[in-house]
Amino acid sequence: MTLASATPTLADLRVDGARLWQSLMDLARIGGTEKGGVCRLALTDLDRQGRDLFVNWAMDAGCEVRVDAIGNIFARRPGRDNRLPVVMTGSHIDTQPTGGKFDGNYGVLAGLEVLRTLNDAGVQTEAPLELAVWTNEEGSRFVPVMMGSGVYAGAFTLEHALSQQDRDGVSVRQALSDIRYDGDAAVPPAQPDGVGAYFEAHIEQGPVLEAADTVIGVVTAALGQRWYDVVLTGVEAHAGPTPMPLRRDALLAASDLVLAVNEIALAHAPDARGTVGWMDVFPNSRNVIPGRVRMTVDLRAADDATLSAMDAALRAAVDAAAAARGVAAQVEQVVYFAPQPFASALVDSVREGAKSLSLSAMDVVSGAGHDAVYLARVAPAAMIFVPCKDGISHNEIEDARPEHLEAGCNVLLRAMLAQAGVAA
């Protein structure tokens, strides 16, 4: 909600971009790699070191810090009226095995810089502010992805999350205990009235903003996702004696399907996506016609109607490829994330924040999952994107320009103040 007491009296307030950058570089040293990236997997000792650094910074900023039962960290800056719904921001600090300095980390440290800036200016907000570090967003060591925010929002149970194991058989419950982030408090209930607004700043992780020479992405929604496992079964046969018309080539059918997935996405432009990311060919021998192919299909779209139409088109394409190539086909949907629009009032706050700073901005949709997607199920939520170099992320060479990171943080500051209000 926007409080009537919020007035444009702080138009000249700006974050300290150099301090934000230095914080990012300091955190990146924990788990830093030779190529300049970061490997800080969830609930490892390196994650503990990163969490400890954040907690120290948050306490130095005067925040009240608590940890819930799934390891989410909440740093709260009191408002004048702490009975009001909290205005929250956050992201994650766990990384991919070959991750970069900015994915997730930027959202956390942009939030910290907002709090530091308000402290420096002696600004008290009407509503309390809260900065969240969500557990295991990446899903590299433990699944499901976006674990901490998912438990918080009720997408799955605490017990389900705590019981998950990594490849070595270590459970989330044990790993949290090992790094001493198994919070004593119950996981906060998913109460929409308890969170007045949630904002998440993030690098785009794609090339759209950079290609458009635009600084701020006003994220209106996150794409819905349907993931499939597909099995195509033909007959293995000798590559020499078997004539072309008499083959039942599973890889040929799979090739038809790869092209079809691409065409399905193009037919629902501009926001649809279609990807075949993994394929296993059996027997995978040079002179044997492939008898079985297992493959994945990833379909994404901004609304459920489009996603359903793409689902129907995929199933028709599988049937057509199977019939044309004389193979059997199985399709199993294994993941479904509904498209998630963000709250229009908060999206407008982001848009107005960019305008007030004379920053170039454009509406975009998020093609990736983020903690904000789960928060949007229980509270008004929005995201702020800034460009990353060449659109590259989940890579050690991930990079972003300091001035863009500073600009996004200034937009976050204004958006949060618009929702929290400034105490008279």
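Residue indices follow the written sequence of each chain, beginning from 1 at its first position. Since the coordinates come from a predicted model, pLDDT governs what is reported: local features require at least 70, and pairs of side-chain atoms require 80 or more to be given and counted, while whole-chain, interface and lining totals use all residues. Here the side-chain values reflect all heavy atoms present in the structure, with hydrogen atoms and water set aside.

Per an unreviewed UniProt entry, the recorded name for the protein chain is N-carbamoyl-L-amino-acid hydrolase, and the organism is Achromobacter marplatensis.

Can you break down the side chain of arginine 40 residue by residue, with the values?
Assignment of secondary structure puts arginine 40 in the loop between α1 (17–28) and α2 (45–60). Comment: no salt bridge for buried arginine 40; closest opposite-charge side chain is aspartate 47, at 5.1 Å. Whenever a nitrogen or oxygen atom comes within 3.5 Å of another N or O atom, the pair is scored as a polar contact, on the condition that within protein one atom can donate a hydrogen and the other can accept it, and that pairs from neighbouring residues in sequence are kept only if both atoms are in side chains. A polar contact is formed between the side chain of arginine 40 and the backbone oxygen of isoleucine 30, at a distance of 2.8 Å. A polar contact of 2.6 Å, which involves the side chain of arginine 40, links it to the side chain of asparagine 105. Ignoring anything within four residues of it in the chain, the contact list for arginine 40 reads Leu27, Ala28, Ile30, Leu46, Asp47, Ile93, Asp94, Thr95, Gln96 and Asn105. Secondary structure elements are taken from DSSP: a helix is a run of H or I of four residues or more, a strand is a run of E of two residues or more, and numbering for both begins at the N terminus. Type-normalised accessible area, obtained with a 1.4 Å probe on protein chains alone, sets the label of each residue: buried when under 20%, exposed when over 50%, and partly exposed for intermediate values. When charges are counted, Lys and Arg contribute as positive and Asp and Glu as negative, whereas His and the chain ends are disregarded. Here a salt bridge means any side-chain nitrogen of Lys or Arg lying within 4 Å of a carboxyl oxygen belonging to Asp or Glu. Residues are treated as being in contact if the distance between any of their heavy atoms lies within 4.5 Å.

Lay out the pattern of salt bridges in plain terms, naming residues and giving numbers.
The final tally for this structure, using the stated rule, is 19 salt bridges. A salt bridge links arginine 80 to glutamate 126, with the shortest nitrogen-to-oxygen separation between them at 2.9 Å. Of this pair, arginine 80 sits in the loop between β2 (73–77) and β3 (86–91) while glutamate 126 is found in the loop between α3 (105–121) and β4 (129–133), placing the two residues 46 residues apart along the sequence. Classification of glutamate 126 as buried rests on a relative accessible area of 8%. Across the salt bridge formed by lysine 389 and aspartate 390, the nearest N and O atoms sit 3.1 Å from each other. On the basis of relative accessibility, which here comes to 45%, the residue lysine 389 falls in the partly exposed class.

So what's going on with the confidence of the model for the protein chain? Residues and values would help.
Of the residues in the protein chain, 96% reach a pLDDT of 70 or more, and the chain-wide mean stands at 95. Per-residue confidence from the predictor is given as pLDDT, running between 0 and 100. Across residues 1–8 the pLDDT falls below 50, and counting only partners more than four positions away or on other chains, this stretch makes 20 contacts in the model.

Tell me about the environment of valine 365, and please be specific about residues and values.
Structurally, valine 365 is set in strand β15 (residues 361–366). For the pair formed by valine 365 and alanine 302, sequence separation is 63 residues and the distance between their alpha carbons is 7.5 Å. Beyond its immediate sequence surroundings of up to four residues, valine 365 is in contact with Val219, Thr220, Ala221, Leu223, Asp271 and Phe385.

Outline the UniProt feature "domain: Peptidase M20 dimerisation" (unreviewed entry) in the protein chain, supporting the account with residue identities and numerical values.
Per the UniProt record, the feature "domain: Peptidase M20 dimerisation" (unreviewed entry) sits at residues 224–322. When the span residues 224–322 is considered, its composition is 36% helix and 31% strand, and the gap between its end C-alpha atoms is 27 Å. UniProt positions are given in the numbering used here, feature names are shortened, and annotations may be inferred rather than shown by experiment.

If you had to explain the nonpolar core to someone new, which residues and values would you point to?
For this analysis, a nonpolar core means a set of buried residues of the types Ala, Val, Leu, Ile, Met, Phe, Trp, Tyr and Cys, connected via side-chain atoms within 4.5 Å. Ranked by internal contacts, the top residues of the largest apolar core, which has 102 residues, are Phe54, Met88, Tyr106, Phe199, Ile216, Phe342 and Leu405. Ranked by residue count, the leading element in this core is helix α12 (residues 402–420), at 10 residues. Dropping the residues within four chain positions of it, leucine 405 is found in contact with Leu20, Trp21, Leu24, Phe102, Tyr106, Ile203, Val386 and Ala400. Membership of the second largest hydrophobic core comes to 25 residues, among which are Ile264, Val293, Leu299 and Leu314.

Let's hear about the layout of surface pockets: which residues, and what values?
Taken as a whole, the largest pocket spans an internal volume of roughly 1,000 Å³. Residue lining of the largest pocket: 40 residues in total, with Gln225, Arg300, Gly367, Ala368 and Gly369 positioned closest to the centre. When residues of the lining of the largest pocket are traced back to their parent elements, those giving at least two are β7 (224–233), β9 (273–275), β12 (292–301), β13 (328–337) and β15. Each residue gets one of three labels, nonpolar for Ala, Val, Leu, Ile, Met, Phe, Trp, Tyr, Cys and Pro, charged for Asp, Glu, Lys and Arg, and polar for the others, Gly among them. For the lining of the largest pocket, the residue count by class is 15 nonpolar, 16 polar and 9 charged. A pocket here means an open set of points on a 1 Å grid, computed over the protein atoms alone, that has protein on both sides within 12 Å along at least five of seven lines. A cavity is instead a set of points where a 1.4 Å probe fits but cannot get out; residues with an atom within 4 Å of a point line either one. Grid points are joined across faces, edges and corners, and a volume is the space filled by probe spheres set on the points.

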